Amino acid sequence: MVGLERGTVELEPHRPEWRREYETEVERIREVTGDDGLAFEHVGSTAIPGIAAKPIIDVLAVVEDASHAARLVSVLEGHDYEYRPNDGIPDRAFFAKGPRANRTHYLSLTEAGSDCYRESVLFRDFLREHPSSAAEYDRLKRELADEHGDDRQTYTRKKEPFIRRVLERASDERNP
């Protein structure tokens, strides 16, 4: 139901089960960290009904600060999460779950006021509220997956202009 080889791009039609997968993983994270203070958001394309997505569940966990995230690294590494430092986003700690041949979840630890948090939630919410933009994103993702199915970096890089435009529109709507 979920999982994809690292570095590849294969899209699947949206599945309602992805929400349950997210909720199950949040409960698992709470159990292994013992941290009831964490807040969570389901982000990424699996959180946007109606659009195709890589079958990898993106979980955003809100931590108090960077030291809180640092305390959770070894705990998460001991429970099937691979810590991926220096992933190019300065205000998050990033983890991948599952073997390289079958990544099932991505976990980002970030502060509520961070750009990572703000942009992830703003993008998700905008596409949920604007079906025509979600459909446009779906078309773009499908085209790029067809062209770059074996090159995740290029696929991701070529989505960036669209994502930036959506974030600008979303920000303008929220802060007229």
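Residues numbered from 1 in each chain as written. Predicted model: local features only at pLDDT ≥ 70, side-chain atom pairs only at ≥ 80, totals over all residues. Heavy atoms only, no water.

(A) Just the overall build of the protein chain, in detail. Counting its secondary structure elements, the protein chain contains 5 helices and 5 strands. Written out in order from the N terminus, the α and β elements of the protein chain read α-β-β-α-β-β-β-α-α-α. The C-alpha radius of gyration computed for the protein chain amounts to 16 Å, which stays within 12% of the reference 16 Å derived for 176 residues, consistent with globular compactness. In terms of overall dimensions, the protein chain has a C-alpha envelope of 40 × 40 × 30 Å along the principal axes. Burial status across the protein chain gives 46% buried among its 176 residues. Residue pairs at least 24 apart in sequence account for 64% of intrachain contacts in the protein chain once pairs closer than 6 positions are excluded. (Helix = DSSP H or I, 4+ residues; strand = E, 2+ residues; numbered from the N terminus. Rg over C-alpha atoms; globule rule 2.2 N^0.38 Å. Buried < 20%, exposed > 50% of the residue type's maximum accessible area, 1.4 Å probe, protein only. Contact = heavy atoms within 4.5 Å.)

(B) Spatial organisation of the nonpolar core. Formed by 21 residues in total, the largest nonpolar core has its most connected members in Ile29, Phe40, Val59, Leu76, Phe95, Leu107 and Leu109. Going through the elements one at a time, helix H1 (17-33), strand S2 (57-63), helix H2 (66-77), strand S4 (93-97) and strand S5 (105-111) are the ones with two or more residues in this core. With residues near it in sequence (within four places) discarded, Ile29 still touches Gly34, Leu38, Phe40, Val59, Leu76, Tyr81 and Leu107. In terms of nonpolar packing, the next biggest core, distinct from the first, is built from 18 residues, Tyr137, Phe162, Ile163 and Ala170 among them. (Core = buried A, V, L, I, M, F, W, Y, C linked by side-chain atoms within 4.5 Å.)

(C) Molecular detail of the pairing of S2. For S2, a buried count of 6 out of 7 residues is recorded, marking the element as mostly surrounded by other parts of the structure. Looking at chain direction, strand S1 (residues 39-43) and S2 are connected through 5 bridges and run antiparallel. Residue pairing for S2: Phe40 is matched across the bridge by Ala61. When S2 meets S5, the two strands line up parallel, connected through 7 bridges. Considered in S5, the bridge of Leu60 is made with Ser108. (Pairing = 2+ DSSP bridges.)

(D) Unusual backbone geometry, seen in detail. At Asp80, a position not held by glycine, the phi torsion is positive, near 75°. Within the element layout of this structure, Asp80 appears in the loop between H2 and strand S3 (81-83).

(E) Fine view of the packing of helix H3 (residues 115-129) against helix H5 (residues 152-174). For the pair H3 and H5, interaxial distance at closest approach is 9 Å and the crossing angle is 85°. As judged from the angle between their axes, H3 and H5 are roughly perpendicular. Residue-level inspection shows Glu119, Leu122, Phe123, Asp125, Phe126, Leu127 and Glu129 of H3 in contact with H5, the latter providing Phe162, Ile163, Arg164, Val166, Leu167, Arg169, Ala170, Ser171, Glu173 and Arg174. Looking at the contact of H3 with H5, its residues break down into 9 nonpolar, 1 polar and 7 charged. (Axes fitted to C-alpha atoms, helices over the stretch in contact; angles between N-to-C directions. Parallel < 35°, antiparallel > 145°, perpendicular 65-115°, else oblique. Nonpolar A, V, L, I, M, F, W, Y, C, P; charged D, E, K, R; others polar.)

(F) Local environment of the environment of Glu82. With respect to the helices, strands and loops of the structure, Glu82 is situated in strand S3. Taking the relative accessible area as the measure of exposure, Glu82 reaches 32% and is therefore partly exposed. For the pair Glu82 and Ala96, spaced 14 residues apart in sequence, the C-alpha to C-alpha distance is 5.1 Å. Only 2.7 Å separates the side chain of Glu82 from the side chain of Arg103, close enough to count as a polar contact. (Polar contact = N/O pair within 3.5 Å; in protein donor to acceptor, adjacent residues only side chain to side chain.)

(G) Just helix H4 (residues 131-148), in detail. Here H4 is 18 residues long and its end C-alpha atoms lie 25 Å apart, about the 26 Å a rise of 1.5 Å per residue gives. When we look at burial in H4, the residues that qualify are Ser133, Ala134, Tyr137, Asp138, Leu140, Lys141, Leu144, Ala145 and His148. Where H4 is buried, its residues contact H3 and H5. (Expected span 1.5 Å × (residues − 1).)

(H) Representation of H2 within the structure. The terminal C-alpha atoms of H2 lie 17 Å apart, and with 12 residues this matches the ideal 16 Å at 1.5 Å per residue to within 8%. Looking at the packing, one finds that the buried side of H2 touches H1, S2, S3, S4 and S5.

By themselves, these observations are geometric and do not establish any function.
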